[in-house]
Amino acid sequence: MRRVGITLASVFGVGVVAAVIGVVVLVVVAVNSLSGAVRPLAAPTPTCPAAATKTIGGMAVPAGPVAGFCQDRLVNAAYVIQAAEALGIGPHTQAVGVMTAIGESSLVNLDHGDAAGPDSRGLFQQRDNGAWGTYAQRMDPYTAASMFYAKLVKVPGWKTMTPTQMAHAVQINSDPDHYAKFWPEAKAVVEGLTGETVPDTAPQS
C-alpha cells in the first residue's frame, strides 16, 4: 500500500506557505529592531553659545564644549587648575580638584546648599563651619579650590589614594566612591585646557 504524505504545501498551497514564512520573518525583524530601540542612547553633546576665548591663568578657555561643558563652567575649571598650579600641584591632582567640583556642583558656582548641607556654597559646596573660610572665600572659585588643595596635601598618604578616595578624604561625603564616575570628564577638561596628559595615578615624588 502506498503511504500518502501530507504537507502544508499540499494542503494550503505553496503560495500561502511562502506568505506565512514571510510574515514570520517580518515579525522577527520587527522584534529585534524594537529590542535595539530600547537600548540607552549616549548623552547628546551640548551646543554651546558662541563666545570669544577667555584667558584664565595662561589657559585659553574656549566656548566649548569640552567634555560636555561650555565656557561658563570651563572658566570655573580653569580657576581650579590655576589654584593647583600656584601650589605646585601637577595635572593628576589638578584633575582630582576638577573631578570634585564636577561631583559637587557640576562646575557651577552655587550660591546655595542642599538638604544634607544647607549652608554649603560654591564649586566645592564647602560648609559654613569655620573650616572653609568666609562666605566670600567659598564663593570665589580660585580661593575655594586653594582651600581644597591645601587640605588634601595634609592628608597622610594622599598620593597613594585613588582620585575618588582623595576627594572623599577632603569632602567627607557619605559615599567615598561618589566622585569616580566624574574622573574621565575631569581628565578631559584638564587635558583640554592645559594640553597636558593626565595620568590615572599620582606621581610619588
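Quick caveat: nothing in here was measured; it's all calculated off a predicted structure.

A few words now on the packing of aromatic side chains. Summed over the entire model, instances satisfying the criterion amount to two aromatic pairs. Ring plane angle 20 degrees and centroid distance 5.0 Å describe the contact between F124 and F148, whose orientation is recorded as stacked. With F124 in the loop between α4 (91–105) and α5 (135–138) and F148 in helix α6 (residues 141–152), this pair connects stretches of sequence that are 24 residues apart. As far as the burial class goes, F124 and F148 line up, both buried. By way of ring pairs, the aromatic residues F124, F148 and Y149 are connected into one cluster.

Applying the stated criterion across every chain yields a total of one disulfide. Across the disulfide from C48 sits C70; the S-S distance is 2.0 Å. With the S-S bond torsion at -85 degrees, the cross-link from C48 to C70 turns out left-handed. Pair noted here: C48 is in the loop between α2 (14–37) and β1 (54–56) and C70 is in the loop between β2 (59–61) and α3 (71–86), with a separation of 22 residues, a long-range link. For C48, a relative accessible area of 15% gives the class buried.

For helix α8 (residues 183–194), spanning 12 residues, the distance from its first C-alpha to its last is 16 Å, which sits close to the expected 16 Å at 1.5 Å a residue. Lining the buried residues of α8 we find β2, α3, α4 and α7 (163–171). Residue G195 follows α8 closely and has a positive phi angle near 75 degrees.

Where the residue is not glycine, phi is negative for most of them; where a peptide bond is considered, it is trans in most cases. Looking along the chain, the bond that leaves G64 and enters P65 is cis, with omega of 5 degrees. Position of P65 among the secondary structure elements: in the loop between β2 and α3. Of note in this structure, L107 is not a glycine but carries a positive phi near 65 degrees. Relative to the assigned elements, L107 resides in the loop between α4 and α5. For L107, a relative accessible area of 0% puts it in the buried group. In this structure, Q125 is a non-glycine residue whose phi angle is positive, near 50 degrees. Structurally, Q125 is set in the loop between α4 and α5.

How each quantity is defined
- Residues numbered from 1 in each chain as written.
- Predicted model: local features only at pLDDT ≥ 70, side-chain atom pairs only at ≥ 80, totals over all residues.
- Heavy atoms only, no water.
- Phe/Tyr/Trp six-rings, centres within 6.5 Å; stacked < 30°, edge-to-face > 60°.
- Helix = DSSP H or I, 4+ residues; strand = E, 2+ residues; numbered from the N terminus.
- Buried < 20%, exposed > 50% of the residue type's maximum accessible area, 1.4 Å probe, protein only.
- Disulfide = S-S within 2.5 Å.
- Expected span 1.5 Å × (residues − 1).
- Contact = heavy atoms within 4.5 Å.

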